[in-house]
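# A closer look at the structure
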Amino acid sequence: MKNEINWLVSYGVKYGLIDEEDRIYTVNRLLDLLLMDSPDTNDEDGFVEKIDENERNKEIENLEVSRENLSLILERFCDYAAEKGLIVENTVTYRDLFDTKVMGILTKRPGEVIKTFNELKKEDTKKATDYFYELAKDTNYIRTDRVAKDKKWKVNSEYGEIDITINLSKPEKDPKAIAAAKLMKQSGYPKCQLCMENEGYAGRTNHPARENLRIIPITLNGEKFGFQYSPYVYYNEHCIVLNSNHTPMKIDRACFTKLLDFVEQFPHYFLGSNADLPIVGGSILTHDHFQGGNYTFAMAKAEIETPLSFKGFEDIKAGIVKWPMSVIRLSSGNKTRIIDLAEKILKKWRNYTDEEAVILANTDGEAHNTITPIARMNNGSFELDLVLRNNLTTPEHPLGLYHPHSELHHIKKENIGLIEVMGLAVLPSRLKNELEEIKNCLIAGMPVCDTEGIAAHGDWADQLVEKYKTFTKDNVDKIIDEEVGKVFVQVLEQAGVYKRTSSGKAAFLRFTDSVNMD
């Protein structure tokens, strides 16, 4: 392992994770992790015996020290750990725990990272986030080799260019790890994956290792928050802003203030919040957090199609956005005024019922109305999008009336959270293989509905056959990509509380008019 250790230490120096003076110290830390007495240890009974040593050494010596090759070196470390019994099982779960421990040795301590970030922020906010984002990739907290496996494409629609991604970067849980996790004594530390206590945590089979995670403390609305990046980066500089306390999600005036405080501090980023109710919210409602980044989604580019004026807030530019979901956009140079109006709209919406439009604020004491808010700076003005949400269920639609309906579940069944709301479809990994099988069936003229594993796509495939008639290797990829995009637009339209029909637009205006009645 001598060459692998030296390569990794050189990597750390090259990318600024450690200083040149830290070389010997870091080598010794790695030796300790590998239970080796010396980098020249020759283990004739184990790892090196199974690989031609000269060939292996030559390969490593000629391997460029770069982020692109980091995963190969970490694979070597994990292979050695598996051979020497340093990990319980040679599975993805245990290898991830181990290689994160390796990279944790190379990652600067939180205080150093925070100091560098804050010094850069005084000079230029973007320089600070650039540094922090690159650090997350250099330390392998963002596993760029896995993120690169995600299948991504764009589809034109009447609402703009929609982003589609099939998520392949999250590793599937292996059965042995799942079984081990069930037998583990339940731990309340950290309370969830968004708690500040994850920073530096070694992890376990039912909780990811975070020894290479670093969090920047920031203040929003007078409260302490942490700023970090998502390890799965669905879009450029995909960040997470999390409450320093384990407290539930809540959409209220304070939430709007926090979002606008953040974009004021980081004007090149947007920040949004998932809704605070099941079905229309995110996967974690128990910990207050936001998601943002340096990316412009189709919804942000969409224009106002119906201008609005709110009594007492005539100074605020407002309107209904041309988008498949129901969005009110507020814009002003005055942050407090936007917050005041957003709070007024939220309070009205929380208790708003329109039976004709099948919008019920409460049933049997259960609240249904909430908002998904997104904040950004636009040409020096604060901009806040309020997406109206409702989580009502019906016998016909038990997963949610304003949720993807059953005929679309073959593509998207999961909740429509913040990222999807803005125009990025995060589709399940199963679709990678399923769509390829569908393409093969279409080219061969075989019925999809009779093919094991993809029969759920049968009705959709029949519609494509009726529409396109002929499928070839030259046209099938483009057809499927475009049609998946069209399904996602349908998903968003079904998630919208007001449909884009004359009656739906009239119902939307009934709500906005009601705001002016108070």
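Residues numbered from 1 in each chain as written. Predicted model: local features only at pLDDT ≥ 70, side-chain atom pairs only at ≥ 80, totals over all residues. Heavy atoms only, no water.

Position of His289 relative to the elements: it lies in strand S7 (residues 289–293). At 2.8 Å, the side chain of His289 and the backbone oxygen of His287 are in polar contact. Those residues in contact with His289 that lie beyond four places of it in its chain are Leu194, Ile240, Val241, Leu242, Met249, Ser273 and Ile284. (Helix = DSSP H or I, 4+ residues; strand = E, 2+ residues; numbered from the N terminus. Polar contact = N/O pair within 3.5 Å; in protein donor to acceptor, adjacent residues only side chain to side chain. Contact = heavy atoms within 4.5 Å.)

Another point: the confidence of the model for the protein chain. Low-confidence regions, as indicated by low pLDDT, have predicted coordinates that should not be scrutinised in detail. Of all residues in the protein chain, 93% attain a pLDDT of 70 or more, and the chain-wide mean is 92. Contacts from residues 44–51, a stretch scored under 50 in pLDDT, to residues over four places away or in other chains number 14 contacts. (pLDDT = per-residue confidence, 0-100.)

Here the focus is helix H15 (residues 458–468). Along H15, the positions that sit buried rather than exposed are Gly458, Trp460, Ala461 and Leu464. All buried residues of H15 project into a common sector of 160° when viewed along the axis, lining one side. Opposite its buried face, H15 presents the exposed residues Asp459, Gln463 and Glu466, each directed more than 90 degrees away. Looking at the buried residues of H15, the elements they touch are helix H14 (430–444) and helix H16 (476–495). Immediately downstream of H15, the backbone of Lys469 shows phi near 65°, a positive value. (Buried < 20%, exposed > 50% of the residue type's maximum accessible area, 1.4 Å probe, protein only. Arc of directions from axis to C-beta.)

Burial of the side chains of strand S3 (residues 216–220) is restricted to one face: Ile216, Ile218 and Leu220 are buried, whereas none of Pro217 and Thr219 on the reverse face is. When S3 meets strand S4 (residues 223–229), the two strands line up antiparallel, connected through five bridges. Each bridged residue has a counterpart across the sheet, and for Thr219 the counterpart in S4 is Lys224. Between S3 and S4, which pair antiparallel in sequence order, lie two residues; one of them, Asn221, sits at a positive phi of approximately 55°. (Pairing = 2+ DSSP bridges.)

Here the idea is plain: a probe the size of a water molecule rolls over the atoms and shows the empty space left. Applying the stated criterion across every chain, the model contains two cavities of 30 Å³ or more. Approximately 70 Å³ is the volume attributed to the largest cavity. Considering the residues around the largest cavity, the lining is formed by Thr107, Phe132, Leu135, Ala136, Thr139, Tyr141, Asn212, Leu213, Arg214, Gln228 and Tyr229. Elements represented by at least two residues in the lining of the largest cavity include exactly helix H7 (125–138) and S4. (1 Å grid on protein atoms, 1.4 Å probe; cavity = no way out; pocket = protein on both sides within 12 Å on 5 of 7 lines; lining within 4 Å. Points joined across faces, edges and corners; volume = space filled by probe spheres on them.)

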